[in-house]
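Observations on the three-dimensional arrangement
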Amino acid sequence: MILDAFSLKGKVAIVTGSNTGLGQGICRAYVEAGAKVVGVSRRPSTETAEMLGDENFYNVIADLSSCDVIPTVVEETIKRFGRVDILVNNAGIIKRQDSIEFSEENWDSVINVNLKTVFFLTQAVAKQFLTQGSGGKIINIASMLSYQGGIRVPSYTASKSAIRGITMTLANEWAKYGINVNGIAPGYMATSNTQQLRQDEERSADILARIPAGRWGTPADLEGAAVFLASAASDYVNGFTLAVDGGWLGR
Ligand code: NAD
């Protein structure tokens, strides 16, 4: 049955940024698809834990602006659920400032969370996949700004363009081990990441007018792609970043 290929029964996933927004939606979708989920978040993922229950969801509280927490994330996952099969690098931040004044702090903070920790967490999880010997799935949350320049967000664009690049690099190196590395590029989604943008009436109207689907996306819109790329249904998909954008990129 083709739908069986989409099942995540018996799988264990790590999802970063599990307390809110797109990450919370992915945690819920994975549990619905049969997986156990370790959510990593800076602040407690209380709402997500209540929604999913202790038997399905375990929260590791960690600040991903530093790579120091990486061993703990992997060790806690193995301790709680015995293995790891899926990693979703979803945690991310954005800083908006005119490029002419853009500060080093706004550069470093974004690059650390959105790119540096993502790479080294992915490396640590891939080592665990190799130890387990049964492959694995890595899904990097990219952006429209993996393809486009954006405005007033140079560190975010740099990080998300690089994420799409290393998604291909890692796929090239690890596909032979049965590790699928892919990305999802969400379009303009109504979460706290875009709150500031949605409050700017002019920018918000411009953005909406360009989305062929005629609306901002929601966390639920991402769930199908996230389950597909975590499941056996995508075993021959490698190094690709899938846009879930209401048609924005094709416009
Ligand atoms: P959000 O602000 O609601 O969620 C961001 C998540 O990242 C939160 O769970 C937060 O706890 C986590 N996080 C941030 N810094 C962290 C740190 N130092 N340590 C641990 N966790 C940290 O925004 P969202 O829209 O749900 O964003 C999720 C991902 O999707 C991000 O990578 C974002 O760049 C990306 N994205 C969002 C949109 C959009 O329109 N909302 C579009 C494209 C890409």
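In case you missed it, the structure is sitting above this.
1. Concerning the site of the ligand
Contacts to the ligand come from 29 residues, most closely from Asn19, Leu64, Asn90, Tyr156 and Thr191. For the ligand, an oxygen atom lies 3.2 Å from a polar atom in the backbone of Gly17. In the environment of the ligand, an oxygen atom lies 2.8 Å from a nitrogen or oxygen atom belonging to the backbone of Met189. In isolation the ligand exposes 820 Å². Once the protein is present, 95% of that is buried. With respect to the detected pockets, the ligand is housed in the largest pocket. Put simply, the parts of the chain that give the shell around the ligand at least two residues each are α1 (21-32) and α5 (154-174). Residue composition of the shell around the ligand, grouped by class: 12 nonpolar, 14 polar and three charged.

2. Quick word on the nonpolar core
Ile26, Tyr30, Val37, Ile86, Val88, Ile139 and Ile184 are the most contacted members of the largest nonpolar core, which totals 27 residues. Secondary-structure elements contributing two or more residues to this core are β1 (12-16), α1, β4 (86-89), β5 (136-141) and α8 (219-230). Here Tyr30 is in contact with Leu8, Ala13, Val15, Ala35, Val37, Ile86, Val88, Ile139, Ala226, Val227 and Ala230, once residues within four sequence places are set aside. Judged by nonpolar contacts, the second largest core, of 25 residues, contains Val38, Leu64, Val125 and Ile179.

3. Description of the side chain of Asn89
With respect to the helices and strands, Asn89 occurs in strand β4. Its relative accessible area of 3% is what places Asn89 among the buried residues. Among the polar contacts made by the side chain of Asn89, one reaches the side chain of Asn140 at a distance of 2.8 Å. When residues no more than four places from it in sequence are discounted, the contact partners of Asn89 are Thr16, Val118, Leu121, Thr122, Ile138, Ile139, Asn140 and Ile141.

4. With respect to the layout of surface pockets
A probe as big as a water molecule, rolled over the atoms, marks out the empty space that is left. Quantified by volume, the largest pocket comes out at close to 1,000 Å³. As for the largest pocket, its lining consists of 47 residues, of which Gly92, Ile93, Ile94, Tyr156 and Asn193 are closest to the centre. For the lining of the largest pocket, the elements supplying multiple residues, two or more each, are α1, β2 (36-41), α5 and α7 (201-210). Looking at the lining of the largest pocket, the element that brings in the most residues is α7, giving four residues. Residue classes in the lining of the largest pocket are distributed as 21 nonpolar, 17 polar and nine charged. Taken as a whole, the second largest pocket encloses approximately 180 Å³ of empty space. Along the wall of the second largest pocket there are 15 residues; nearest its centre are Lys11, Ser134, Gly136, Lys137 and Asp235. Per-class residue counts for the lining of the second largest pocket are three nonpolar, seven polar and five charged.

Cut-offs and rules
Residues numbered from 1 in each chain as written. Predicted model: local features only at pLDDT ≥ 70, side-chain atom pairs only at ≥ 80, totals over all residues. Heavy atoms only, no water. Near = heavy atom within 4 Å. Polar contact = N/O pair within 3.5 Å; in protein donor to acceptor, adjacent residues only side chain to side chain. Areas by Shrake-Rupley, 256 points an atom, 1.4 Å probe, with all protein chains shown as cover. 1 Å grid on protein atoms, 1.4 Å probe; cavity = no way out; pocket = protein on both sides within 12 Å on 5 of 7 lines; lining within 4 Å. Sits in = over half its atoms within 2 Å of the grid points. Helix = DSSP H or I, 4+ residues; strand = E, 2+ residues; numbered from the N terminus. Nonpolar A, V, L, I, M, F, W, Y, C, P; charged D, E, K, R; others polar. Core = buried A, V, L, I, M, F, W, Y, C linked by side-chain atoms within 4.5 Å. Buried < 20%, exposed > 50% of the residue type's maximum accessible area, 1.4 Å probe, protein only. Contact = heavy atoms within 4.5 Å. Points joined across faces, edges and corners; volume = space filled by probe spheres on them.

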